[in-house]
Amino acid sequence: MQFTAAQIAMIINGKVEGDPNAAVGSFGKIEEAKAGQLAFLANPKYEDFLYSTEASIIIISASQELKEPVKGTLIRVEDAYTAFATLLTKYQEVMTQQMVGTQDPVYVASSAKLGENIFLGAFCYIGEGVVLGNNVKIFPNAYIGNKVTIGDNSIVHPGVKIYHDCVIGKNVTIHAGTVLGSDGFGFAPQPDGSFKKVPQIGNVIVEDFVEIGANATIDRATIGSTVIRSGAKLDNLIQIAHNVEVGNNTVIAAQAGVSGSTKLGNNVMIGGQAGIVGHITIADGARINAQSGVSKSIKTNNAAVTGSPAFDYTSALRSQAVSRNLPELEKRIKELEKLVQQLLAEKV
Amino acid sequence: MQFTAAQIAMIINGKVEGDPNAAVGSFGKIEEAKAGQLAFLANPKYEDFLYSTEASIIIISASQELKEPVKGTLIRVEDAYTAFATLLTKYQEVMTQQMVGTQDPVYVASSAKLGENIFLGAFCYIGEGVVLGNNVKIFPNAYIGNKVTIGDNSIVHPGVKIYHDCVIGKNVTIHAGTVLGSDGFGFAPQPDGSFKKVPQIGNVIVEDFVEIGANATIDRATIGSTVIRSGAKLDNLIQIAHNVEVGNNTVIAAQAGVSGSTKLGNNVMIGGQAGIVGHITIADGARINAQSGVSKSIKTNNAAVTGSPAFDYTSALRSQAVSRNLPELEKRIKELEKLVQQLLAEKV
Amino acid sequence: MQFTAAQIAMIINGKVEGDPNAAVGSFGKIEEAKAGQLAFLANPKYEDFLYSTEASIIIISASQELKEPVKGTLIRVEDAYTAFATLLTKYQEVMTQQMVGTQDPVYVASSAKLGENIFLGAFCYIGEGVVLGNNVKIFPNAYIGNKVTIGDNSIVHPGVKIYHDCVIGKNVTIHAGTVLGSDGFGFAPQPDGSFKKVPQIGNVIVEDFVEIGANATIDRATIGSTVIRSGAKLDNLIQIAHNVEVGNNTVIAAQAGVSGSTKLGNNVMIGGQAGIVGHITIADGARINAQSGVSKSIKTNNAAVTGSPAFDYTSALRSQAVSRNLPELEKRIKELEKLVQQLLAEKV
């Protein structure tokens, strides 16, 4: 399937500079692309490749000045990265819409309600009372527990496990191996040192346009719901404990964890491997650096923290800088002690 | 299904205060519960909700004093949290016992031995020589490798993978996606820089009343067994390496990891994202704070540590406090140096 | 199946000391082994067990001196650990080669090409255009997406999920639950605070002799390939982000994570729970300590780092040592301030 520069420019609202009939059939990195491929330039670091690339069409920013001539046809847009994303999204949407039908065998409970244009991969399990919206795609080996509902256009990748009674919104993507709705980690200590399980009877609610990475875990609430609000993006291997609330458009990088009942605001950004204790609140727009350990609520919007335990980002960086020179600092103290002792001795 | 306050009080050994015929059909949080629901008050922080809740029945502690009248019927018990857990446990036990039979299709090897009253979900795999006790529930898409044994009343959630020869006790719960018995990470370095795999021929033994969260990994021993002792509770995404031993009633929070051949005592508590090096011993009752990195054995029972590398909890907190003021400390040293130089100069 | 000391010595190129007809049928740890079992001594710490073990055959180093007589038959080799590994590897190779055929049911797309002597476990999924080499073993409940190729002798354990277009080399082992080829975490921020997905159209390439642990995640590249080079060993629950390159024979311990576009050299060693930021380069032979947070490129071969943020290992250890005594350091500064104030006061 080939697309011309003119066709692509129409999709991404761009302006062709060069041959509008130049055609491409696949995508490539600007530094590796060959004739017949489409590339883009977003990061100025890669500008040199613009003049050497073999790509037949290159998407660039409207403001990009050319220092040398470019072989391929250019399509100028306001934001090259976003335009490229738009283009690929359209491409993948078409690919996904073509996945329709039911492979054999699957297990579909008789009380399940299935929307139109759905795909059920082999060995997927659809429990009692499940409701799947239109255009839902369930990949092979996925497990959808009893009474789960999944909204229109959502994609459940292979081997995802969704426990009973969870609610998944529209346009949600869940990557392979992720578990939603497993029991929260709640145990009541007993006098003999053993623990008695506190049954977890809540659920998980995932709102619209959320994307969750691979092998992540989101526990069901003890009572009520663990909630992932609209537009949130969660990376691989993250842990969301029971009764947590993740705000709209909040982004959590891989291997980070949020403990029970903590409430993350909107547009929070959490770096990889960061940890957040339970029962606290994180203000909107807060930025939590990778590997931070947040032990107290963050009350100021857009605050940035780092370290374990985490505190104000700028102060923490200063402390870390001094921290590296601690042996030298200790030497200076020793030297001072010697000098002061001399002064004291001489005084007598 | 409705239960009266009198019926519930009998199950949890409580004392009714108010209408013994008040009835409930579901559970709610004290701050959200509606008429017809059961709630409980364990955390004093939530006491205010006791006076405003719409719940028809509320479980509270025998010692709880009332500052205002309460609308619903009270059931007083020694420990409200434990009583609530007991009640939900009974409820879930009934629900689980109702899961019986074999969905279609499953794979059951001819030499497998199945107990009574078991459940086999669709697409589950039961290998050669597997022995399943009575009341075992294997959810869909789970894999039980050759010669695995699973004791009475144990529950294996969807997509769990148990490699050959592992031994699972009674009343064990394993959440979705968890892997037991994968190869330990053992490679012998070769002169050319490559690594030669050390085959891992041991197994994993999980004793009775253990609960393991979702997407956790517990490696089989090189030789012998990786052992999770009775009553231990392991959260999501934790890593237990080959030949580790986890003691009775030890609790490990999400994303923590224990390296090879380390032995954790009984009643140890490990916070989220903590890491413990290999070949060490952790004394009974030790408490390891979240994100700690334990690099040496802990020899004192009930010792508490924090930090990476971890040391004594109280000392570490003090050091962390000073650590935050390091730039100020450096200023004070500079000031001292200036003053001492003045004194020295004036002396001459 | 019994083997004599003479037979075993032939396989591992060793020298028998004692009865060449001594026979064993299974393996045991030197401290636990019984008559009829084979044990080995590699770690000098365990030498005492050499004189008390009941093992019928013990593999030891050629240079091991005996302080007391040993009951069993010895086989002397250059490196006992490597010899033992060789022996077990042969044993497991035989066991694995015996797994042949297709269990029922499986899903195999009509366009898939299957090599000779392969095993397909029940409920495994083989997509369109998949190519499986000879002796490939696909365990139950595994998912092999469209156009994936897997080289000769590779083993895919239960519940592994490999997304479309990924390329797996020869003699690769992938443990249960691991996900290869999930979408990289790429989202373009929009003016309204939401994020637009950047489609991830690259793939993952895993070269020959790589081993990957359980429940790990390796994301596909945005464009191009995420690459795991020949001989690399990756432990459980590790995260490899999009466009990362992991060098030959590089070893990554459990729960470590590497962010997008970072390039790890050859023979790098990364400790458990370490994190590495995106878009940096790590020199060959670098050693990154457990729980380190590497925020800058490491340019010197064989450099060792620790800490978060990570810096030179030796300096970091010194700083950590002083760091533990910070409260005492602060006291010394206070004392100095008092003395200097006295000196200044007396001067007047």
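- An unreviewed UniProt entry lists chain A under the name UDP-3-O-acylglucosamine N-acyltransferase, with Pseudobacter ginsenosidimutans as the source organism.
- As recorded by UniProt, the Pathway (unreviewed entry) comment attached to chain A reads in full: "Bacterial outer membrane biogenesis; LPS lipid A biosynthesis."

### Considering the relation of the copies chain B and chain C
Inference 1: When chain B is brought onto chain C, the operation consists of a screw motion whose angular component is 120° and whose axial shift is 0.0 Å, with 0.1 Å RMSD remaining. Such values leave the two copies arranged in the relation of a three-fold axis.

### Section: the pattern of salt bridges
Two side chains that carry opposite charge are able to pair once their charged atoms sit near each other.
Inference 1: Enumeration over the complete set of coordinates arrives at 33 salt bridges over all chains.
Inference 2: We note a salt bridge from glutamate 211 of chain C to lysine 197 of chain B, for which the minimum N-O separation is 2.7 Å. Taken together, the positions of glutamate 211 of chain C in strand β25 (residues 211-212) and lysine 197 of chain B in strand β23 (residues 195-197) put the pair across two chains.
Inference 3: Glutamate 245 of chain B is paired through a salt bridge with arginine 229 of chain B; the nearest N and O atoms lie 3.0 Å apart.

### Details of the sheet that holds strand β2 (residues 15-17) of chain C
All names here are of chain C.
Inference 1: Read from one edge of the open sheet, five strands run β2-β7-β6-β5-β4, paired in mixed fashion. Either end of the sheet is taken by a strand with one partner, and the two such strands are β2 and β4 (26-27).
Inference 2: The strands touched by helix α1 (residues 5-12) are β2, β5 (37-40), β6 (57-61) and β7 (73-77); relative to β7, the strand with the most contacts, the crossing angle is about 10°.
Inference 3: Set on the sheet, helix α3 (residues 80-97) makes contact with β4, β5, β6 and β7; between it and β6 the angle comes to about 135°.

### Looking at the interface of chain C and chain A
You'll often see interface size given as the accessible area lost when the parts meet.
Inference 1: Contacts between the two partners involve 65 residues from chain C and, on the opposite side, 60 residues from chain A.
Inference 2: Across the interface of chain C and chain A, roughly 5,000 Å² is buried in total on both sides, 64% from carbon and sulfur atoms.
Inference 3: Scanning the region where chain C abuts chain A turns up three salt bridges.
Inference 4: On inspection of chain C and its partner chain A, the count reaches 25 residue pairs in polar contact (both at pLDDT 80 or more).
Inference 5: Only β21 (179-182), β22 (187-189), β23 (195-197), β26 (217-219), α4 (313-324) and α5 (326-347) of chain C provide two or more residues apiece to the side of chain C that touches chain A.
Inference 6: Per-element tally for the side of chain C that touches chain A: the top contributor is α5 of chain C, with nine residues.
Inference 7: Grouping the constituent residues of the side of chain C that touches chain A by class yields 34 nonpolar, 23 polar and eight charged.

### Brief notes about the UniProt feature "active site" (unreviewed entry) in chain A
Residues and elements named next belong to chain A.
Inference 1: Here the UniProt-annotated "active site" (unreviewed entry) positions come out as His242.
Inference 2: Position of histidine 242 relative to the elements: it lies in the loop between β29 (239-240) and β30 (245-246).
Inference 3: Since its relative accessible area comes to 15%, histidine 242 is described here as buried.
Inference 4: Apart from the residues lying within four places of it in its own chain, the contact partners of histidine 242 are Gly184, Phe185, Gly186, Gln200, Asp219, Arg220, Ala221, Thr222, Thr226, Gly260 and Ser261.
Inference 5: A distance of 2.9 Å separates a polar atom in the side chain of histidine 242 from a polar atom in the side chain of glutamine 200.

### What to know about the pairing of β5 of chain C
The two faces of the sheet receive side chains in turn, since in a regular strand these alternate between them.
Inference 1: Alternating positions in β5 of chain C separate into two faces, Gln37 and Ala39 of chain C on one and Leu38 and Phe40 of chain C on the other, with burial throughout.
Inference 2: Viewed along the sheet, the connection from β5 of chain C through helix α2 (residues 47-52) of chain C into β6 of chain C turns out right-handed.

### Describing the interface of chain B and chain C
Inference 1: At the junction of the two partners, chain B supplies 65 residues and chain C supplies 60 residues.
Inference 2: Of the roughly 5,000 Å² buried where chain B meets chain C, counting both sides, 64% is carbon and sulfur surface.
Inference 3: On inspection of chain B and its partner chain C, the count reaches three salt bridges.
Inference 4: In this structure, glutamate 337 of chain C engages arginine 332 of chain B in a salt bridge whose closest nitrogen and oxygen atoms are separated by 2.8 Å.
Inference 5: Per-element tally for the side of chain B that touches chain C: the top contributor is helix α5 (residues 326-347) of chain B, with nine residues.
Inference 6: Along the lines of polarity and charge, the residues of the side of chain B that touches chain C split into 34 nonpolar, 23 polar and eight charged.

### Re the sheet that holds strand β5 (residues 37-40) of chain B
Residue and element names in this part refer to chain B.
Inference 1: Judged by pairing direction, the sheet is mixed, and its five strands sit side by side in the order β2-β7-β6-β5-β4 without closing on themselves. Each edge of the open sheet is held by one strand with a lone partner, namely β2 (15-17) and β4 (26-27).
Inference 2: Bridge count between strand β6 (residues 57-61) and strand β7 (residues 73-77): five bridges; the pairing is parallel. Within β7, the residue paired with serine 61 across the bridge is valine 77.
Inference 3: Contacts from helix α1 (residues 5-12) reach β2, β5, β6 and β7 within the one sheet, and its direction differs from that of β7 by about 10°.
Inference 4: Its contacts with the sheet place helix α3 (residues 80-97) against β4, β5, β6 and β7, and it is angled at close to 135° to β6.

### Details of α3 of chain B
Inference 1: Taking 1.5 Å as the rise per residue, α3 of chain B with 18 residues should run 26 Å; its terminal C-alpha atoms sit 26 Å apart, in good agreement.
Inference 2: In this structure aspartate 79 of chain B caps α3 of chain B, since a side-chain oxygen of it lies 3.0 Å from the backbone nitrogen of tyrosine 81 of chain B.

### Description of the packing of aromatic side chains
Inference 1: For the structure on display, the rule yields 30 aromatic pairs over all chains.
Inference 2: Ring plane angle 40° and centroid distance 6.2 Å describe the contact between phenylalanine 40 of chain A and tyrosine 81 of chain A, whose orientation is recorded as tilted. One end of the pair, phenylalanine 40 of chain A, is in strand β5 (residues 37-40); the other, tyrosine 81 of chain A, is in helix α3 (residues 80-97), with 41 residues separating them in the sequence.
Inference 3: For phenylalanine 40 of chain A, a relative accessible area of 16% corresponds to the buried category.
Inference 4: Here tyrosine 81 of chain A falls in the partly exposed class, since its relative accessible area comes to 29%.
Inference 5: An angle of 80° between the planes, with centres 5.2 Å apart, marks the rings of phenylalanine 185 of chain B and phenylalanine 187 of chain B as edge-to-face.
Inference 6: Its relative accessible area of 12% is what places phenylalanine 187 of chain B among the buried residues.
Inference 7: Three or more aromatic residues joined by ring pairs form one cluster here, namely Phe27, Phe40, Tyr81, Phe84 and Tyr91 of chain A.

### What about the packing of α4 of chain C against α5 of chain C?
Residues and elements named next belong to chain C.
Inference 1: Interaxial distance between α4 and α5 falls to 5 Å at its minimum, and their mutual angle equals 65°. As judged from the angle between their axes, α4 and α5 are roughly perpendicular. For the pair formed by α4 and α5, the contact residues are Val322, Ser323 and Arg324 on the first element and Leu326, Pro327 and Leu329 on the second.
Inference 2: Of the residues assigned to the contact of α4 with α5, the class counts are four nonpolar, one polar and one charged.

### Quick look at the side chain of histidine 157 of chain C
Inference 1: With respect to the helices and strands, histidine 157 of chain C occurs in the loop between β17 (155-156) and β18 (161-162).
Inference 2: Histidine 157 of chain C gets classed as buried once you look at its relative accessible area, which sits at 10%.
Inference 3: In this view, histidine 157 of chain C contacts Tyr163 of chain B together with Phe139, Ala142, Thr173, Ile174, His175 and Ala176 of chain C; residues no more than four positions away in its chain are not counted.

### Structural notes on the environment of alanine 62 of chain C
Residues and elements named next belong to chain C.
Inference 1: In this structure, alanine 62 sits in the loop between β6 and β7.
Inference 2: Measuring from C-alpha to C-alpha, the distance between alanine 62 and valine 77 comes to 5.1 Å, with 15 residues separating the pair along the chain.
Inference 3: Leave out the neighbours within four places in its chain, and alanine 62 touches Arg76, Val77 and Glu78.

### A word on the environment of glycine 36 of chain B
Residues and elements named next belong to chain B.
Inference 1: Turning to its location among the elements, glycine 36 is positioned in the loop between β4 and β5.
Inference 2: The class for glycine 36 is partly exposed, based on a relative accessible area of 24%.
Inference 3: In the structure, glycine 36 is positioned 19 residues away from alanine 55 in sequence and 6.5 Å away in space, judged by C-alpha atoms.
Inference 4: Setting aside residues no more than four positions away along its own chain, glycine 36 makes contact with Ala23, Val24, Gly25, Ser26 and Ser56.

Conventions adopted
- Residues numbered from 1 in each chain as written.
- Chains lettered and ligands numbered in written order.
- Predicted model: local features only at pLDDT ≥ 70, side-chain atom pairs only at ≥ 80, totals over all residues.
- Heavy atoms only, no water.
- UniProt positions renumbered as here; feature names shortened; annotations may be inferred.
- Least-squares fit on C-alpha atoms with pLDDT ≥ 70 in both.
- Salt bridge = Lys/Arg side-chain N within 4 Å of Asp/Glu carboxyl O.
- Helix = DSSP H or I, 4+ residues; strand = E, 2+ residues; numbered from the N terminus.
- Pairing = 2+ DSSP bridges.
- Contact = heavy atoms within 4.5 Å.
- Axes fitted to C-alpha atoms, helices over the stretch in contact; angles between N-to-C directions.
- Buried area = accessible area lost by both parts, 1.4 Å probe.
- Polar contact = N/O pair within 3.5 Å; in protein donor to acceptor, adjacent residues only side chain to side chain.
- Nonpolar A, V, L, I, M, F, W, Y, C, P; charged D, E, K, R; others polar.
- Buried < 20%, exposed > 50% of the residue type's maximum accessible area, 1.4 Å probe, protein only.
- Right-handed = clockwise from strand over helix to strand, strands pointing away.
- Expected span 1.5 Å × (residues − 1).
- Phe/Tyr/Trp six-rings, centres within 6.5 Å; stacked < 30°, edge-to-face > 60°.
- Parallel < 35°, antiparallel > 145°, perpendicular 65-115°, else oblique.

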